[in-house]
Amino acid sequence: MTERSPPASTSHLVLIPSYNPGPRVLETVRQARAQWTPVWVVVDGSTDGTDVLLRQEAAQDPGLRVIVLPQNRGKGSAVLEGIERAAREGFTHALTMDSDGQHPADLIPAFMAASQRDPGTMVLGKPVFGPEAPALRVNGRKVSNGWANLETLWMGVGDSLYGFRVYPIAPLATIMRGNRFMRRFDFDPEAVVRLCWAGVRPVNIDAPVRYLSAEEGGVSHFKYLRDNTLLTWMHTRLFIGFVLRLPLLITRRLLPRSH
């Protein structure tokens, strides 16, 4: 890689789950590497040849690691694979970002700095949409955000779906090992809610999101009916969990926050 690669962190890494993103993934990875070391990519059973491109890139860049899963398991499963390996190597936090160029790599240092200042929190990107953002997607996420805020008793989740965020690895891995959900498109919103339940406070930072056209190399795997059905089932489960935890959540809200 790069002549001016950032110094390697031993606690925080960038983790990019990737499934058939097209060749634009190389630009995404290079932008992330220009901002942070190390960057790990988990190739989630891609069939578009990007695993080869990424391995070639990693062969020239010691700050980049590529993990290839033999079959597509879903975003959450790819993240879990990455954070479990990262934990074994001593990392404590992972910034997740998409591989398709939608997320702002230039904000990686700011998000990492916020996490390093307050490592017990999760740092959530709060999306700032451009004029090209599909209205259906922008308005539809308001429903999920409303449910997430109810289910966390308004702990301060700025956005439940935006995947540009820094997670503390240990509580996230514990939560994911403890249930069989959170493995696909439901990963981001369920992770936020369950981490709030575990006492991990959200910190929100505005971050732009780009919806790239096909001409720009944009790739979307979002299926409106399938994924909204998955989200509906997820929030049904989470609401039941919220009711069961309500006394604890109310008590936690009433107690003064310790620093």
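Refer to the structure presented above.
Throughout what follows, the structure given in this document is the object of discussion.

Basis of the calculations
- Residues numbered from 1 in each chain as written.
- Predicted model: local features only at pLDDT ≥ 70, side-chain atom pairs only at ≥ 80, totals over all residues.
- Heavy atoms only, no water.
- Salt bridge = Lys/Arg side-chain N within 4 Å of Asp/Glu carboxyl O.
- Helix = DSSP H or I, 4+ residues; strand = E, 2+ residues; numbered from the N terminus.
- Buried < 20%, exposed > 50% of the residue type's maximum accessible area, 1.4 Å probe, protein only.
- Core = buried A, V, L, I, M, F, W, Y, C linked by side-chain atoms within 4.5 Å.
- Contact = heavy atoms within 4.5 Å.
- Expected span 1.5 Å × (residues − 1).
- Pairing = 2+ DSSP bridges.
- Axes fitted to C-alpha atoms, helices over the stretch in contact; angles between N-to-C directions.
- Right-handed = clockwise from strand over helix to strand, strands pointing away.

1. Let's talk about the pattern of salt bridges
Here is step 1: One pass over the full model with this rule turns up 15 salt bridges.
Here is step 2: When the shortest N-O distance is used, the salt bridge between Glu81 and Arg85 registers 2.9 Å. Taken together, the residues Glu81 and Arg85, both in helix α3 (residues 75–88) and four residues apart, mark about one turn of the helix.
Here is step 3: A residue is classified by how much of its surface remains accessible, and Arg85, at 29% relative accessible area, is partly exposed.
Here is step 4: In this structure, the salt-bridge partner of Arg177 is Glu84, at a minimum N-O distance of 3.0 Å. With Arg177 in helix α6 (residues 169–177) and Glu84 in helix α3, the pair connects residues that are 93 residues apart, well separated along the chain.
Here is step 5: On the accessibility criterion, Arg177 (52% relative accessible area) is exposed.
Here is step 6: Put simply, Lys75, Asp98, Arg165 and Asp188 are held in one network by salt bridges that share partners.

2. Concerning the nonpolar core
Here is step 1: With 30 residues, the main nonpolar core has Ile83, Leu172 and Phe187 as its most contacted residues.
Here is step 2: Within the residue set of this core, elements represented by two or more residues are β1 (12–18), β2 (39–44), β3 (64–69), α3, β5 (122–129), α6 and α7 (187–197).
Here is step 3: Residue contacts for Ile83: discarding those within four places in its chain leaves Leu15, Ala94, Ile169, Leu172 and Ala173.
Here is step 4: With 29 residues, the next largest nonpolar core counts Val41, Leu64, Leu95 and Tyr162 among its residues.

3. Quick notes on α3
Here is step 1: Across its 14 residues, α3 extends 20 Å between first and last C-alpha, which sits within 8% of the 20 Å expected from 1.5 Å per residue.
Here is step 2: Of the residues making up α3, those classed as buried are Gly76, Ser77, Ala78, Val79, Leu80, Glu81, Gly82, Ile83 and Ala86.
Here is step 3: Close packing links the buried residues of α3 with β1, β2, β3, β4 (93–96), α6 and α7.
Here is step 4: Looking at the residues trailing α3, positive phi occurs at Gly90, about 95°.

4. Here we look at the sheet that holds strand β6 (residues 165–168)
Here is step 1: Taken in spatial order, the seven strands of this open sheet run β3-β2-β1-β4-β6-β5-β7, and their pairing is mixed. The open sheet has two edge strands with one neighbour each: β3 and β7 (202–209). This sheet shows a mean twist of 25° between the axes of neighbouring strands, independent of strand direction.
Here is step 2: With six bridges joining them, β2 and β3 adopt parallel strand pairing. Bridge assignment links Trp40 to a residue of β3, and that residue is Arg65.

5. Observations regarding the pairing of β1
Here is step 1: Burial within β1 is extensive, with seven of its seven residues counted as buried.
Here is step 2: Here β1 shows a buried face lined by His12, Val14, Ile16 and Ser18 and a second buried face lined by Leu13, Leu15 and Pro17.
Here is step 3: Pairing between β1 and β4: four bridges, direction parallel. Bridge pairing in β4 links Leu13 to Ala94.
Here is step 4: Pairing geometry for β1 and β2, over five bridges, is parallel. Counted as the bridge partner of Ser18 is Val43 from β2.
Here is step 5: A crossover connection joins β1 to the parallel β2 through helix α1 (residues 25–35); in handedness this β-α-β unit is right-handed.

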